[in-house]
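Secondary and tertiary structure notes
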Amino acid sequence: MDASIALVAIAPFVAALLAPFIHRLARPYAGWVLALVPAGIFLFLLTLIAPVVAGGAISARIGWVPAFDLDLSFFVDGLSLTFALTISGIGTLIVLYSGAYLKGHPHLGRFLGFLLAFMGAMLGLVLADNMLALFMFWELTSVTSFLLIGFDHTRQAARRGAIQALVLTNIGGMALLVGAILVHQLTGCWDMSALGDDVRANGFYGLTLALFLVAAFTKSAQVPLHFWLPNAMEAPTPVSAFLHSATMVQGGVYLLARTTPWLGGTEAWTLILVCFGGATLLWGGLGALRQTDLKQMLAQTTLASLGLSVLLIGLGTEAAIAAMLLYFVAHALYKAGLFMVVGAIDHEAGTRDITILGGLADRMPVTFIGAALASLAMIGLPLTLGYFAKEEMYLGLMHWQWSDIAVLAVLLAGNAMLAGVAMLVLVKPFLGPVLPTPKLAHEAPIAMLAGPIVLGGAGIVASVMTDWLGHTLVEPGAAAILGETVSSHLTLTINPASPLLWLSIATWALGYLVYRQAAVLRTLLRRFEAGLGWTADTVFDAVMFGLIRFSGAVTRLLHHGRLEIYLATVFAGLALALIAPLGLLNGYDVLLPNADLGNWSAKLSWPQLQPYEWGVMALALIGLGAVLLATNRLVAILALGIQGTSVALIFLLFGAPDLAFTQFMVEVLSVVILALVMTRLRLDELDQRPLEDLARDGILALVCGAGVSLLLMVVLSGTLDTRLSDLFTATSVPIAHGHNIVNVILVDYRGFDTLGEISVVMAAGIAVMALLRRRNKPAVPASPAPRRRRKAES
Amino acid sequence: MDYVLAILVGCFVALGVYLLLSRSVIRMLIGMTILGNGVNLLIFTAGRLTREIAPIVPAGLDQPDGPIANPLPQALILTAIVIGFAMFSFLLVLAFRAYQSLDADNTDTMRVAEPVNEPNPPLSY
Amino acid sequence: MNSLIFRTIAPLIVAVMLVFSIYVCLRGHNEPGGGFIGGLIAASAMAILGMSGGAGEARRALRIDPLAIAGFGVFIAGLSGLLSLFTGTPFMTSIWVYLELGQTTVPLSTPMVFDIGVYFVVFGTISAVALALEGEEGP
């Protein structure tokens, strides 16, 4: 079981990698072939229904980073299974649909690959139990949706929509990561299924809640972070149908449902979710009425539906949760179907504007049936899933308290607007007089019709099989969210005495009113929007452009392109790092004469050096001075050689013959290659720096030098830790069989370091050769010439 | 005698830093070498100085018969010298190339990568 | 640089230096010396050869691209460390083998192979740089 559940999340990624090749091989049928992958996943998930209904959850666990005690854990319960089935089922139809919708598009293979990768990320998101895995899949959905929204990247609007979605959902992703780490810090546990009341009881509950809510609200586009969703409609229609109705945007809803058992149920939770959800519901409903573009109308109603779901989770009662689950499935079925219908209209008629479409029912009868099935579910008529969802959500509010009545009013208004929009979407394009369209409309290909018909049909079938629906969807799902067994009470019988029926009828009546007055409402709303003067979009643009200007200014300030100032900054830092610690940690005390030391006069005495040692020191100083004052190349090279040689002599005098030889050879070679290069370079006669630079550089240099000297003196006055040296000295002959301890350290004890170092030497050599070979005319033959030619030359 | 070397190391570092702050590429190169020598001497001196007794165990013995120079800093410096030289030759060739292609050995005039008054990135998507 | 004396005497100097460099490299485990110093001496020899007869002449005398020698050095240095895999000990654990050749015993070991690798790297890289600069035309 372990591997197969992980495979559900991984298989789409594999298919995504292969998609371009499959597209190349099976050109017209690429959609059909690739649809087999989600179809297979869907069938596999169907087999999990029985065990989940019977025994609760299935979990799987794969070692991920065993060193950190981190497992890639998956968890299938009623909630995740509902989401996973929806994703894979709709995904199958969407892949089919895309194959036809983008037929002949040169990048169809790429598109299908993105789509499948997104599906894998989404499946992983709903199946993951580990919070880090959840975060990873969460971010993967953001990235893949960025690619999908920006698929038509030659249009600026698509690029903007993609960036907006990425920025906003990534803010949420970061919040999710911080929240997950916080929860882990609080409870020591990465698995969500193992969390209990610890989080709610903790003092950090408020912060944790805020972080998770930011994540969920950005993903599920709640007001005021909603504006990326309408702009994401720049994506090709299959993407909108899949990501922005049924799956990705529901990720936030899923997160809220998933975290309910250990994060939800508090007053703050209920208040925040109900307020934001309600606001989004109304905002989305009004937004939909403002539009004339079919796709934008649907996008705005998606906002409303997301708000509705969030509101229901916030209420958190048994009926509300049941309603949320039913509504999720119902919404996914009808909204994906409607998007596909709109895509078909756009594809066949050449426009999506509701005001210039009409009478398409005759030309596109099958599309019309699909649209009708979906719209009726959206209105919430009996014999559709939407009906049950609506009944359940009203049922949860039958307590006749003021708060309930207020929420009920919001729900009623929202549902009415949704119903009105559904009537508009169904009636305007399909019924009424035939209007001329940019393209002569005709029926869409079968791959594009399959989606709406199958989804609409599934909705009807599911709504008839009420018992089955209750047992397999509502009960396990609600149990997973609420943590207790729930019994479903769905029924097809209509009870005229129930207030629910009258609420439904009121919804439909109000919806019809909205439909009749759509044009008036639209004018009013547009006037209001124009009066407002700014939107969330303009704020977003201002922020983004402000960021660009700000980073430009900062870059110019710090990255001014003047090397000597960069270096002066670096050395000022070095000087500070050398001097400050000595002062702060009383390092000078050991150098300054003080009473405790007593014999400080010894420190002032003339150093005990042999005359030849003085000579070497003097030679070094002469070399340094000559380098400083050199006015031509030859003097500079010679002076450099003198100081290097004096360093070699110092090594020799103080017991380091290896170093002395190496240093000496390096000096010889340095002089040789310097002589080779310098003859072709100009060395300015004088060091041309302005006086103030001279002062600055001189002071910096003196402070750095003095700092190093003082530091070294402080170090020398302390004791030396010789453990390592003693170990090497003592063991060099017995275990490493070498008498030259330095060499033994290099090639044996610290051989790995030396290996790295010779690799660096080699890399430097390669870099030099690369620089020198960049000439047009090769200076020397790259490979040695054969012997015969050499004879001929001589 | 340690303190004399400490002061000498200071002189090396000071001159190295001073030359590195120059705008002439060749002077910077020389400064780099001198700074490298100074740092090598710094490590060497910090490992304490011992006159003329190399860290070599006499033949036939398992342990040195008496105090010897500290071998550890020597091992560190030995590779540092060679790497420093490889670095030096790379920088030399880089300066040479820059001189050939840009006809400049002054860092103020080398502005190919970071031109003066570069405009802002475009304010659009 | 182009004097007759120098050109005549250079191959001799180079030969002596090369032999000396190998000697220094091999004795490094017990006396002052080792791969780094040996490699530097050998590279100086190549620089001298390049100065006396031109870089092309030196390359032909070397027969193998010096950078390839450096690569070979890194390769055998890494390989010498990998040999310890066969004894089941961690990477770079040294292995000693004593060859009995008549009267004398020749100790062979992976650190020695490693040191020879270092020799090749230093020799190859620095010769490559020196010869490339010597072969370079003026600006």
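Residues numbered from 1 in each chain as written. Chains lettered and ligands numbered in written order. Predicted model: local features only at pLDDT ≥ 70, side-chain atom pairs only at ≥ 80, totals over all residues. Heavy atoms only, no water.

A closer look at the overall build of chain C
- A tally of regular secondary structure across chain C gives 5 helices and 2 strands.
- Listing every helix and strand of chain C by position from the N terminus yields α-α-α-α-β-β-α.
- Long-range contacts, defined as pairs at least 24 residues apart, comprise 63% of the intrachain contacts of chain C with a sequence gap of at least 6.
- When the accessible surface of chain C is totalled, it reaches about 6,300 Å², and 72% of it is carbon and sulfur.
- Side chains of chain C carry 5 positive and 8 negative charges; the gap between the two charge centres is 8 Å. (Helix = DSSP H or I, 4+ residues; strand = E, 2+ residues; numbered from the N terminus. Contact = heavy atoms within 4.5 Å. Areas by Shrake-Rupley, 256 points an atom, 1.4 Å probe, with all protein chains shown as cover. Lys, Arg positive; Asp, Glu negative; His and termini not counted. Charge placed at Lys NZ, Arg CZ, Asp CG, Glu CD.)

Overview of the overall build of chain A
- When helices and strands are counted, chain A shows 33 helices and 2 strands.
- On the principal axes, the C-alpha backbone points of chain A span a range of 120 × 80 × 60 Å.
- Here the contacts in chain A between residues at least 6 apart in sequence split such that 77% fall between residues at least 24 apart.
- When the 43 positive and 46 negative side-chain charges of chain A are each reduced to one mean point, those points stand 17 Å apart.

Thoughts on the interface of chain B and chain C
- Contacts between the two partners involve 10 residues from chain B and, on the opposite side, 12 residues from chain C.
- Summed over both partners, the interface of chain B with chain C buries about 910 Å², with 85% contributed by carbon and sulfur atoms.
- Linking chain B with chain C are 0 salt bridges.
- Counting across the chain B and chain C interface gives 0 residue pairs in polar contact (both at pLDDT 80 or more).
- A breakdown of the residues in the side of chain B that touches chain C according to their chemical character gives 6 nonpolar, 3 polar and 1 charged. (Buried area = accessible area lost by both parts, 1.4 Å probe. Salt bridge = Lys/Arg side-chain N within 4 Å of Asp/Glu carboxyl O. Polar contact = N/O pair within 3.5 Å; in protein donor to acceptor, adjacent residues only side chain to side chain. Nonpolar A, V, L, I, M, F, W, Y, C, P; charged D, E, K, R; others polar.)

Some thoughts on the layout of surface pockets
Residue and element names in this part refer to chain A.
- As a volume, the largest pocket reaches approximately 660 Å³.
- Taken together, 25 residues line the largest pocket, and the ones lying closest to its centre are Phe42, Leu85, Thr86, Val329 and Trp468.
- Secondary-structure elements contributing two or more residues to the lining of the largest pocket are helix 3 (36–55), helix 4 (78–101), helix 15 (318–349), helix 19 (446–464) and helix 20 (466–482). (1 Å grid on protein atoms, 1.4 Å probe; cavity = no way out; pocket = protein on both sides within 12 Å on 5 of 7 lines; lining within 4 Å. Points joined across faces, edges and corners; volume = space filled by probe spheres on them.)

Considerations on the domain arrangement of chain A
- Assigned domains of chain A: these are domain 1 (129–541), domain 2 (565–740) and domain 3 (741–794).
- Using only C-alpha atoms to locate each centre, domain 1 of chain A and domain 2 of chain A end up separated by 72 Å. (Domains from an automatic or database assignment.)

Some thoughts on the pattern of salt bridges
All names here are of chain A.
- Across all of its chains, the model carries 18 salt bridges over all chains by this definition.
- Between Arg258 and Asp77 there is a salt bridge, with the nearest N and O atoms lying 2.9 Å from each other. Highlighted residues: Arg258 in helix 12 (residues 250–263) and Asp77 in the loop between strand 2 (70–76) and helix 4, separated in sequence by 181 residues. Each member of the pair, Arg258 as well as Asp77, carries the same accessibility label: buried.
- The partner of Arg155 in a salt bridge is Asp152, and the shortest N-O contact between them spans 2.9 Å. (Buried < 20%, exposed > 50% of the residue type's maximum accessible area, 1.4 Å probe, protein only.)

Section: the interface of chain A and chain B
- Taken together, the contacts link 113 residues of chain A with 92 residues of chain B.
- The tally of links between chain A and chain B comes to 2 salt bridges.
- Of the charged contacts in the structure, one is a salt bridge between B:Arg23 and A:Glu564, with a shortest N-O distance of 3.1 Å.
- Where chain A packs against chain B, one counts 15 residue pairs in polar contact (both at pLDDT 80 or more).
- When residues in the side of chain A that touches chain B are grouped by element, the largest group, 15 residues, is from helix 29 (residues 691–717) of chain A.

Here's the deal with helix 14 (residues 294–315) of chain A
All names here are of chain A.
- Here helix 14 spans 32 Å end to end across 22 residues, near enough to the 32 Å set by a 1.5 Å rise per residue.
- Burial within helix 14 is extensive, with 21 of its 22 residues counted as buried.
- The backbone nitrogen of Lys295 lies 3.0 Å from a side-chain oxygen of the residue at the head of helix 14, namely Asp293. (Expected span 1.5 Å × (residues − 1).)

What about the side chain of B:Arg97?
- Within the secondary structure, B:Arg97 sits in helix 3 (residues 71–102).
- We classify B:Arg97 as buried; its relative accessible area is 4%.

Some details on the environment of B:Tyr3
- Here B:Tyr3 lies in helix 1 (residues 2–20).
- Distance in space between the C-alpha atoms of B:Tyr3 and B:Phe88 is 29 Å, their sequence separation being 85 residues.

Thoughts on unusual backbone geometry
- With omega at 10°, the peptide bond leading from A:Val223 into A:Pro224 counts as cis.
- Within the fold, A:Pro224 resides in the loop between helix 9 (205–219) and helix 10 (228–231).
- With a phi close to 70°, B:Arg48 is a non-glycine residue in the positive phi region.
- Residue position: B:Arg48 is located in the loop between helix 2 (25–46) and helix 3.
- Taking the relative accessible area as the measure of exposure, B:Arg48 reaches 19% and is therefore buried.

Looking at the packing of aromatic side chains
- Inspection of the entire model under this criterion finds 20 aromatic pairs over all chains.
- Between A:Phe752 and C:Phe91 the ring centres are 5.1 Å apart and the planes differ by 70°, which places this aromatic pair in the edge-to-face class. Taken as a pair, A:Phe752 in helix 32 (residues 751–772) and C:Phe91 in the loop between helix 4 (66–82) and strand 1 (96–101) lie in two separate chains rather than in one.
- We classify A:Phe752 as exposed; its relative accessible area is 56%.
- Residue classification places C:Phe91 among the partly exposed residues on the basis of a relative accessible area of 35%.
- Taken together through their ring pairs, the aromatic side chains of C:Phe72, C:Tyr119, C:Phe120 and C:Phe123 make up a single cluster.
- We note A:Lys219 situated over the ring of A:Trp138; from NZ or CZ to the ring centre the distance is 4.9 Å. (Phe/Tyr/Trp six-rings, centres within 6.5 Å; stacked < 30°, edge-to-face > 60°. Lys NZ or Arg CZ within 6 Å of the ring centre and 35° of its normal.)

Focus on the pairing of strand 1 of chain C
Residue and element names in this part refer to chain C.
- Bridge count for strand 1 against strand 2 (residues 104–109) is 6 bridges, and the pairing is antiparallel. Across the sheet, residue Val97 finds its bridge partner in strand 2, namely Leu108.
- Counted between consecutive antiparallel strands, the loop separating strand 1 from strand 2 contains 2 residues, among which Gly102 sits at a positive phi close to 60°. (Pairing = 2+ DSSP bridges.)

Let's talk about the packing of helix 26 (residues 611–629) of chain A against helix 27 (residues 633–653) of chain A
Residues and elements named next belong to chain A.
- For the pair helix 26 and helix 27, the least separation of the axes is 8 Å and the interaxial angle reads 155°. When the interaxial angle is binned, helix 26 and helix 27 end up roughly antiparallel. Two packed elements cross with a definite hand, and for helix 26 against helix 27 that hand is left-handed. Of the residues in helix 27, those in contact with Tyr612, Glu613, Val616, Leu619, Ala620, Gly623, Leu624, Ala626 and Val627 of helix 26 are Val635, Ala639, Leu640, Ile642, Gln643, Ser646, Leu649, Ile650 and Leu653.
- Residue classes in the contact of helix 26 with helix 27 are distributed as 14 nonpolar, 3 polar and 1 charged. (Axes fitted to C-alpha atoms, helices over the stretch in contact; angles between N-to-C directions. Parallel < 35°, antiparallel > 145°, perpendicular 65-115°, else oblique. Left-handed = near helix turned anticlockwise from the far one by under 90°.)

Quick look at a nonpolar patch on the surface
- Judged by side-chain polarity, A:Phe752, C:Phe72, C:Phe75, C:Leu79, C:Leu82, C:Leu83, C:Leu85, C:Phe86 and C:Phe91 come together as a nonpolar surface patch covering roughly 970 Å² of accessible area.
- Counting residues per element, the nonpolar patch draws most heavily on helix 4 of chain C, at 4 residues.
- The class of C:Phe86 is exposed, set by a relative accessible area of 74%. (Patch = residues over 30% accessible without salt bridge, like charges linked within 9 Å, V, L, I, M, F, W, Y side chains within 5 Å.)

Comments concerning the environment of B:Tyr18
- Secondary-structure assignment places B:Tyr18 in helix 1.
- Along the chain, B:Tyr18 and B:Leu35 lie 17 residues apart, while their C-alpha atoms are 9.7 Å from each other.

Side note on the state of the cysteines
- Considering all chains together, one arrives at 0 disulfides over all chains under this definition.
- A disulfide-free cysteine, A:Cys704 has its sulfur positioned 14 Å from the sulfur of B:Cys11, the nearest such atom.
- Here A:Cys704 falls in the buried class, since its relative accessible area comes to 0%. (Disulfide = S-S within 2.5 Å.)

Some points on the packing of helix 30 (residues 723–736) of chain A against helix 31 (residues 741–749) of chain A
Residues and elements named next belong to chain A.
- Running from amino to carboxyl end, helix 30 crosses helix 31 at an angle of 70°, the nearest separation of the two axes being 10 Å. Here helix 30 lies roughly perpendicular to helix 31, going by the angle between them. Note that helix 30 runs across helix 31; the crossing there is left-handed. Within the contact between the two elements, helix 30 uses Phe728, Thr729, Thr731, Ser732, Ile735 and Ala736 and helix 31 uses Ile741, Val744, Ile745, Asp748 and Tyr749.
- In terms of residue class, the contact of helix 30 with helix 31 is built from 7 nonpolar, 3 polar and 1 charged.

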